[in-house]
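Coordinate analysis (summary)
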Amino acid sequence: MQKTSKQFDDVIAVCRELFSNKLSDYGASFRVLRTSSLTDQIFIKVKSLRNFQTTGVSKVGESEEENFIAIVNYSIIGLIQLEKGFADDFKQDRNEILEMYDQFAHEAKELMLRKNHDYGEAWREMRISSITDLIYQKVLRTKQIEDNAGATLVSEGIDANYFDMLNYAVFCLIKFSEEKEIINPL
């Protein structure tokens, strides 16, 4: 599991760098979004992934990796918004936002390590398309919970679904990085 821990950190570093750069370009513009809007952003990305995985065509030119990175970042943004609520402006302290990013990435990693222990890293033997379908299922569940004003009878809440979508996207990014190492060994 040490290998997975390092791979998780490497993937998050790539995602965080993009997030940080966009934070520099746009400020914390995401702060005006309600969580339902972020869930819909993840929905768009996972629909694009499923379409590409089915047809092999992306007319926009976004790679699977780019879409999974977006899912990681939108999931973390969703967790930030759940904690802070949405704002009417996006004048936020950059360092505070990056600290929250790191906090939620750390919580996701801890959850991933616990689940990997219990499930024996079963995701390593799964197809990327199957993991994509699990993200799709989670986003649809999240939309249903949001439509129910956040109320659940026996299920985990929106935050748990964001954490799962984040971790599933990381798994796919790890699998892509392993494939590239096999194809182009250093």
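Residues numbered from 1 in each chain as written. Predicted model: local features only at pLDDT ≥ 70, side-chain atom pairs only at ≥ 80, totals over all residues. Heavy atoms only, no water.

As annotated in an unreviewed UniProt entry, the chain carries the name DUF1599 domain-containing protein and is attributed to Kaistella flava.

1. Considerations on the UniProt feature "domain: Nucleotide modification associated" (unreviewed entry) in the chain
Put simply, the rule reads: UniProt positions are given in the numbering used here, feature names are shortened, and annotations may be inferred rather than shown by experiment. Think of it this way: any DSSP run of H or I at least four residues long counts as a helix, any run of E at least two long counts as a strand, and we number them from the N terminus.
Feature annotation in UniProt assigns "domain: Nucleotide modification associated" (unreviewed entry) to the following positions: residues 22–82 and 115–175. Taken end to end, residues 22–82 comprises 74% helix and 0% strand; its first and last C-alpha atoms sit 20 Å apart. The span residues 115–175 is 70% helix and 0% strand, and its two end C-alpha atoms sit 17 Å from each other.

2. A closer look at helix α2 (residues 35–55)
Defined as follows: Between the first and last residue of a helix there are one fewer steps than residues, each counted as 1.5 Å, and that sum is the expected span. Any residue under 20% of the maximum accessible area for its type is buried, any over 50% is exposed, and the rest in between are partly exposed; the area is computed with a 1.4 Å probe on protein chains only. This arc describes the spread of directions from the helix axis toward the C-beta atoms.
Helix length check: α2 (21 residues) gives 30 Å between terminal C-alpha atoms against 30 Å at 1.5 Å per residue, within 8%. Every buried residue belonging to α2 is among T35, L38, T39, I42, K45, V46 and L49, and all of these are buried. For α2, the angular spread of buried residues about the axis comes to 120°, placing them on one side. The positive-phi residue at the C-terminal boundary of α2 is G56, with phi of around 75°.

3. Some points on the packing of aromatic side chains
We apply this condition: Pairing of aromatic rings covers Phe, Tyr and Trp, the last counted by its six-membered ring, and requires centre-to-centre distances within 6.5 Å; plane angles under 30 degrees mean stacked, over 60 mean edge-to-face, and any other angle means tilted.
In the structure shown here, the tally under the stated rule is seven aromatic pairs. Here F104 and F163 contribute two aromatic rings whose centre-to-centre distance is 6.3 Å and whose plane-to-plane angle is 55°, an arrangement assigned as tilted. Taken together, the positions of F104 in helix α4 (residues 94–119) and F163 in helix α6 (residues 158–183) put the pair 59 residues apart, joining distant regions of the chain. Overall, F104 belongs to the buried group, its relative accessible area being 5%. Taken together, a centroid distance of 4.2 Å and an interplanar angle of 0° make the contact between W123 and F171 stacked. Of the two residues, W123 is situated in the loop between α4 and α5 (128–147) and F171 in helix α6; the sequence distance between them amounts to 48 residues.

4. Side note on the environment of D40
You can see D40 is positioned in helix α2. Between the alpha carbons of D40 and K143 there is a distance of 7.9 Å; along the sequence they are 103 residues apart.

5. Side note on the nonpolar core
The cut-off we apply is this: Residue types Ala, Val, Leu, Ile, Met, Phe, Trp, Tyr and Cys, when buried and joined through side-chain atoms within 4.5 Å, form a set referred to as a nonpolar core. We call two residues in contact when some of their heavy atoms are within 4.5 Å.
Within the largest apolar cluster, 49 residues are counted, with the highest numbers of intra-cluster contacts made by F68, I71, V72 and L166. With 13 residues, the top contributor of residues to this core is α6. If we ignore the near neighbours within four places in the chain, the residues touching L166 are F8, I12, V72, S75, I76, L79 and A108.

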